[in-house]
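# Per-entry structural report
So the chains spell out like this:
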Amino acid sequence: GMIARSIAGSLFVALLMLPTIASAGDKDPGWTSYIDALGINGQIDELATPRNYTVGQVSSYDTSGGSADDMGAYEKRDNEIILAVLDGPGCITRFWVKNPVGFLRVYIDNLENPVLMAQLGDFFSGDMHVQSRRGDIWIEPLVGASGGGYYCYVPMPYKEKAAIVVESPDPSFTYQINYATFPADTEIASFSLTNNRADYEYFEDWKKEWNTANFQLTDKKTETYRHSRHQYYPDKNVLLYTNYGPGVITELEFMAESASDEILANAWLQVNVDGQKNPSILCPLGALFGSPVLDGSNFTSLPVGRDGTRMWFRFPIPFRDSIEMRIINGGTQILDMEYYIVTREGDIGDQLYFVARQESGATSAGQPFRAADIQGQGHFVGMSMGAAGGES
């Protein structure tokens, strides 16, 4: 089973439950081909593929002994802090900081000579101008500022070891570093700035995918979509969509013309696939589309987003035999909703089921809050969390 709770608001936890690395193939496939084959490429379709590696995070919270107010580190020296030392084979997949003050050094395999040196502010703003042979990869949307901090999603694979060091950081400096650790026999090439054409195309595909997040992504050559509009009355459980497999739901787009945030909190989507007794998805529409609290704010991301009354959801939902979607209106108002459901039919191979739940709860001062307790095979693909209230 799976339990997911939120912090004095609501929490939406997404997983793909329940394998296969392609060969490089090309004579000169580039260093990115190895992590591309492992699904580290920013492509939403890759999320449903099983993986044989683990992911982890090191952060200032972890290394400070659990105090979010103290700047932790793997190791502190006179005027520098070592944020992380990671054993390979692996890949740094995300680097986030709250206050980008200081001088950054990134070491890949060779722990004497850094592969990158830059002011932190330049690193995250796209002003670093580290030119590879085929252009600058440190540009939006792979780096930038959002969500209360500064992020970098440029993957940096390493065969043996990676280390990240910051000199003269601000006292308020906090950070998160996400990474993947591969099995010992995984073939991989270390990060390089000497990109060939294949490397260039890898980053261009990534940027294209993320830069089109606010548009419908339906491929009319390979996908079909259902478009309709209905009114869902209070205290009703209504069939929205059914289909027979195999196939994958690649995109949901809802336009709730009469919906307030209160309606979106009380209208739930239930999805059952392949005759499963328990629903794969059971969430309020607001939480499912990334707005788990009643704030009504717009935001753009590839998997979920909101633009006024328009909301989208693109986590892949594979099904082998059948899929059924229902709207449960538990509120007191009518939900007037137009929707698109996009399906790609065909064999889904070993793709994982999508599972999502929402529950709510309250935190206790000074106590860690368990956001999820999950059993089973699969991997964690996303979470949106909203907090309300709070007393100082």
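Let me begin by describing the structure that accompanies this report. Per-chain numbering applies: the sequence of each chain, read as written, is numbered from 1 onward. Predicted model: local features are reported for residues with pLDDT of at least 70 only, side-chain atom pairs are reported and counted for 80 or more only, and whole-chain, interface and lining totals are derived from all residues. As a convention, hydrogens and water are excluded, and side-chain values are obtained from all of the structure's heavy atoms.

Take the pattern of salt bridges next. Salt bridge, as applied in this entry: a Lys or Arg side-chain nitrogen positioned within 4 Å of an Asp or Glu carboxyl oxygen. Within this structure, the stated rule accounts for 12 salt bridges. For the salt bridge of Arg105 with Glu80, the shortest nitrogen-to-oxygen distance reads 3.0 Å. Here Arg105, found in strand 7 (residues 103-108), pairs with Glu80, found in strand 5 (residues 80-87); they are 25 residues apart in sequence, far enough to count as distant. We classify Glu80 as buried; its relative accessible area is 11%. Of the charged contacts, one joins Arg344 and Glu223 as a salt bridge, the two residues approaching to 2.8 Å between their closest N and O atoms. Note that Arg344 is positioned in strand 25 (residues 335-345) and Glu223 in the loop between helix 4 (197-211) and strand 16 (224-232), a separation of 121 residues in sequence. Relative accessible area serves as the criterion here: at 8%, Glu223 is assigned to the buried category. Salt bridges linked by common partners bring Asp45, Glu223 and Arg344 together as one network. By the criteria applied, helices consist of DSSP H or I runs no shorter than four residues and strands consist of E runs no shorter than two, each listed in order from the N terminus. Think of it in three bands: with a 1.4 Å probe and only protein chains considered, a residue is buried below 20% of the maximum accessible area for its type, exposed above 50%, and partly exposed in between.

Let us look at the environment of Lys208. Along the chain, Lys208 falls in helix 4. On the basis of relative accessible area, Lys208 is assigned to the exposed category, the value being 60%. Distance from Lys208 to Pro141, taken between C-alpha atoms, is 9.2 Å for residues 67 residues apart in sequence.

Time to look at the environment of Asp127. Mapped onto the elements of the fold, Asp127 is located in the loop between helix 3 (120-125) and strand 9 (131-132). Along the chain, Asp127 and Ile139 lie 12 residues apart, while their C-alpha atoms are 8.0 Å from each other.

Of the two faces of strand 24 (residues 322-329), the one holding Ile323, Met325, Ile327 and Asn329 is buried and the one holding Ser322, Glu324, Arg326 and Ile328 is not buried anywhere. Of the strand pairs in this sheet, strand 17 (residues 236-244) and strand 24 are connected by 8 bridges, and their pairing is antiparallel. Bridge pairing in strand 24 links Leu239 to Arg326. A pair of strands counts as paired when DSSP detects no fewer than two bridges linking them. Across 7 bridges, the pairing between strand 19 (residues 267-273) and strand 24 is antiparallel. Residue pairing in the sheet places Leu269 in a bridge with Ile327 of strand 24.

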